[in-house]
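# Structural characterization, general
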Amino acid sequence: MRSGIFAGLLLATVSAATALAQGAPIKLADVAELSGGGATVGNNWKNGIDLAIEEINAKGGVLGRKLEVTHADSQSNPGVARAQVQKALDNEPYVLLGPGYSGSVKVTSPLAAEAGITQIMGGEAAELTQGGNKFLFRTSFGQQSSMPKVAKYINDELKAKSVAIVWVNNDFGKGGRDVISKEFAKYNIKVAADLSTEAGQADFAADVSKIKAAAPDAAFIYLNEEESARILKELKRQAVAVPLVGETTLVGQKVVELAGDAANGARGHVGLTTDAPVDLVKAFREKFVKKYNYVPDHNGLKGYLAIYMVKATTEKMGKVDAKKFADTLHGLTIKAASEPGILMDVTFDEKGDIDRQGFLVEIVEGKQVVKQVLPKLN
Amino acid sequence: MTAIGKYWRIALGVAVIAALIIVPMNFNRYGLYILSQWAVMTIAAMGLNLTLGYAGQVSLAQGAFVGIGAYAAAIMTTQGMPLIVALGVAIVLCFAIGWILGYPALRVQHHYLAFVTLAFSTLAFLVFRNEDWLTKGIYGISNIPRPNVLGFATNRPLPFYYFCLGSLGIVSLVMWWLIRSPWGRAFVALRENPVRALSLGIDTRRYTLMAFAIGSALGGVAGTLYAPLTQYIDPVPFNLSLSLDLLMMVIVGGSGFFFGPFLGAMIAVLLPEWLRFTQGYYLMLYAVAVMLLLIYSPTGILGILDRYLTERRTKAASALRAVAKSRLETAP
């Protein structure tokens, strides 16, 4: 048995040495919320990554080298995330992937920057890319780019003068609420009710009656999918007729499935969703469902895109160079025509923020209908 | 205890301390971070061990006190104050709050007390999260500086580990003295038989509050180290699960044993890391291991050792008795 292990090790060493000659695997490290409060986020992200890597390796890898990823669980705890990122960086990965929680990104991004390793993460809090970190990249719109679009829509199209905001009290919900409140102030839109709710909250009767009492011109709802469905049902039950606007989550397919009729009429801005009316996204969704047997949320897409960002950037450089990676990705435009895995044309700016097409959709008879396509800015 | 046994114990202690100082010198940053975390959690668990293990008061609020200490350190050091000042504030604050939290312990015991402290734990979490003006709410406080100790910067992982280890050393010495002092004996009397303790003239009321206050203050000390360790804090790590974790550390290590928290924290911090090679199963295996341990020895790891030593002593004593008896019988 032991000699077998030794032989195996020897074989592994020899094959690793030969592999190095013709291109050893490119090592990526992922640290994500695989357990704890963010388990849905982290596991979607992880599955997206695995799917993309499987696809790329099946087609011969990147510049002839296979991709290899290690996944580490942050337990949704910033302290643990820091330990795991430290461990990942000690092994000198090509690129660091994750985490998804903004707090965990904040605690780990200085470490990656110090090591000179590019970090492609899932956090959406506005401030993450404002600190001048040259190694940090988003995979989705930050709230500072999505919320202004929602506020503009509420002002220009709905002509609302007062709005109720319902948000989930975690870094995702609070971040969105803070950004959109500022935007509303710019348009002189009054916040008639500012309702904080808990993640996993089951009963929204009290919140909805507060909305009703405030009688706003529109309600902005920024909750996770399950909670979005619950509040939509309660709004219908209490016959609140104001226009309901959200961002990504409110008009997701899962919400429509859970809320049924109650979802009709809900509208929202959607940056990245598996429901996007884009053929490549639909194809992605099918592949994902086939492999994992469930419909991914936008975190699945983010993980998938992160890997194709690695691929496109590396191919642009023409070599595997961890030091030049961040420089190359800054200002890079990746076109879906030449790299289908990126799904939609995308540009990364100097801060690591993302520029991509967005959609304004409305739920009509249980289906997402695109009302307006918001083009890329440049 | 024979003289030889005593020397052995001292030699073992010196060897362990030397190993804790020398071995990590060539650890990578990850290893040092985990070991620092172990030192910090040990301090918090020692506090709880005093409250629970020695004085017998169940507390589910230790995580909240770690949080109070961490926020004190984070808020003050990001404003440019030295960590030692924050440490003082944290100790005083946690001591005072711990003292107040001790009052319910005068009226309720066991799981009722656990519920009272659980409520406090939730309350502390809500304050950390909702009082934006002070704690920056759910966004947390970032860029927490690491301190300069006696002119040495502890920014690098190794010096910071020594800082944590040194703090653990100081806390251990204080604790060692405390439980051997009349106070420590009063705490044990409180746990074993409060009525008898009272009739012996021990002011059980004061000692109950004291056990809570000192235990909580140690939670605060751990918190002031936790903040510069992670250099970023938000409310989430200080929710109920940390209190439960600390409770588990005390019980798994051996509640009421001086070295219990050291071993308990080792299990809670290091075991999941060692099990990580099993990927998605590591938390499950960890849970199973802890359950098996507690089925095998409800008194924790040190309980096993204690049982073994007692057994050996009993055997030795019975052997002596047997010899003495046979001598008596054969005597003319």
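Criteria and thresholds
Residues numbered from 1 in each chain as written. Chains lettered and ligands numbered in written order. Predicted model: local features only at pLDDT ≥ 70, side-chain atom pairs only at ≥ 80, totals over all residues. Helix = DSSP H or I, 4+ residues; strand = E, 2+ residues; numbered from the N terminus. Rg over C-alpha atoms; globule rule 2.2 N^0.38 Å. Contact = placed C-beta atoms within 7 Å. Buried ≥ 20, exposed ≤ 12 C-beta atoms within 10 Å, placed from the backbone. Pairing = 2+ DSSP bridges. Expected span 1.5 Å × (residues − 1). Bend = angle between axes of the 7 residues up to and from the residue. Nonpolar A, V, L, I, M, F, W, Y, C, P; charged D, E, K, R; others polar. pLDDT = per-residue confidence, 0-100. Axes fitted to C-alpha atoms, helices over the stretch in contact; angles between N-to-C directions. Parallel < 35°, antiparallel > 145°, perpendicular 65-115°, else oblique. Left-handed = near helix turned anticlockwise from the far one by under 90°.

Moving on, we get to the overall build of chain B. Each helix and strand in chain B was counted, giving 14 helices and two strands. The globule rule puts the C-alpha radius of gyration for 332 residues at 20 Å, and the 22 Å found for chain B is close to it. Its C-alpha atoms put chain B at 90 × 50 × 45 Å along the principal axes. Summarising the internal contacts of chain B: among those between residues at least 6 apart in sequence, 76% fall at separations of at least 24.

For the rest of this paragraph, the subject is the overall build of chain A. The number of helices and strands found in chain A is twelve helices and 15 strands. Over its C-alpha atoms chain A spans a radius of gyration of 22 Å, differing by no more than 12% from the 21 Å that the globule rule assigns to 378 residues. If one aligns the C-alpha atoms of chain A with their principal axes, the spans along those axes are about 75 × 45 × 35 Å. Across the 378 residues that make up chain A, the buried fraction comes to 52%. Restricting to contacts in chain A with at least 6 residues of sequence separation, those with at least 24 account for 65%.

Next up on the list: the sheet that holds strand 13 (residues 354-356) of chain A. Residues and elements named next belong to chain A. Across the sheet, three strands lie side by side as 11-12-13; this open sheet has antiparallel pairing. Either end of the sheet is taken by a strand with one partner, and the two such strands are strand 11 (333-334) and strand 13. Pairing of strand 12 (residues 346-348) with strand 13, which is carried by three bridges, proceeds in the antiparallel orientation. Across the sheet, phenylalanine 348 pairs through a bridge with isoleucine 354, a residue of strand 13.

To continue, consider helix 2 (residues 29-54) of chain B. Residues and elements named next belong to chain B. Taking 1.5 Å per residue as the helical rise, helix 2 with its 26 residues ought to reach 38 Å, and the 36 Å between its terminal C-alpha atoms agrees with that figure. Most pronounced at leucine 48, the bend in helix 2 amounts to some 30°. Most of helix 2 sits inside the fold, with 23 of its 26 residues counted as buried. After helix 2 finishes, the residue glycine 56 shows a positive phi value of roughly 75°.

Once that is clear, we can look at the interface of chain A and chain B. Taken together, the contacts link 16 residues of chain A with 18 residues of chain B. Elements that contribute at least two residues to the side of chain A that touches chain B include exactly helix 3 (78-90), helix 4 (102-115) and helix 6 (171-186) of chain A. Across the side of chain A that touches chain B, the residue classes tally to three nonpolar, seven polar and six charged.

What follows concerns unusual backbone geometry. Residues and elements named next belong to chain A. Put simply, glycine 98 and proline 99 share a cis peptide bond, and its omega is -10°. We note that serine 76 has phi near 60°; this positive angle belongs to a residue other than glycine. Within the secondary structure layout, serine 76 lies in the loop between strand 2 (67-73) and helix 3. Residue serine 76 is classed as buried on the basis of its 24 C-beta neighbours within 10 Å. Of note, leucine 343 is a non-glycine position whose phi angle comes to about 70°, a positive value. Here leucine 343 shows up in the loop between strand 11 and strand 12.

Taken as a whole, chain A shows an average pLDDT of 89; of its residues, 94% reach a score of 70 or greater. A low-confidence stretch, residues 13-21 of chain A (pLDDT under 50), is modelled with two contacts involving residues beyond four sequence positions or located in other chains.

Attention now moves to the sheet that holds strand 10 (residues 267-270) of chain A. Residues and elements named next belong to chain A. Across the sheet, which stays open at both edges, the seven strands sit in the order 7-6-8-9-10-14-15 with mixed pairing between neighbours. Each edge of the sheet is formed by a strand with only one pairing partner; in this case those strands are strand 7 (190-197) and strand 15 (367-374). Pairs of neighbouring strands in the sheet enclose a mean axial angle of 20°, with direction left out of account. The pairing of strand 14 (residues 358-364) with strand 15 spans seven bridges and is classified as antiparallel. Note that in strand 15 the partner of isoleucine 363 across the bridge is glutamine 368.

Our next topic: helix 5 (residues 143-156) of chain A. Residue and element names in this part refer to chain A. End to end, helix 5 covers 20 Å across 14 residues, agreeing with the expected 20 Å (1.5 Å per residue, within 8%). Within the sequence span of helix 5, burial applies to Gln143, Gln144, Ser145, Ser146, Met147, Val150, Ala151, Tyr153 and Ile154. Contact partners of the buried residues in helix 5: strand 6 (162-168), helix 6, strand 8 (218-222), strand 9 (244-247), strand 10 and strand 14.

Moving on, we get to the pairing of strand 14 of chain A. Summarising burial for strand 14 of chain A: five of the seven residues are buried, a large majority. Following strand 14 of chain A, the chain reverses through two residues before pairing antiparallel with strand 15 of chain A; glutamate 365 of chain A in that reversal takes a positive phi of roughly 45°.

Moving on to the confidence of the model for chain B. Should the pLDDT be low somewhere, the predicted coordinates at that spot are not to be read in detail. When pLDDT is averaged along chain B, the result is 91; 98% of the residues meet or exceed 70. For this predicted complex, the interface score ipTM comes out at 0.84, while the overall pTM is 0.87.

Okay, the packing of helix 7 (residues 205-214) of chain A against helix 8 (residues 225-237) of chain A next. Residue and element names in this part refer to chain A. Following both chains from N to C, one finds helix 7 and helix 8 inclined at 55°, their axes separated by 9 Å at the closest point. Here helix 7 lies oblique to helix 8, going by the angle between them. The chirality of how helix 7 crosses helix 8 is right-handed. Together, Ala205, Asp207 and Val208 of helix 7 and Ile231, Glu234 and Leu235 of helix 8 make up the contact between the two elements.

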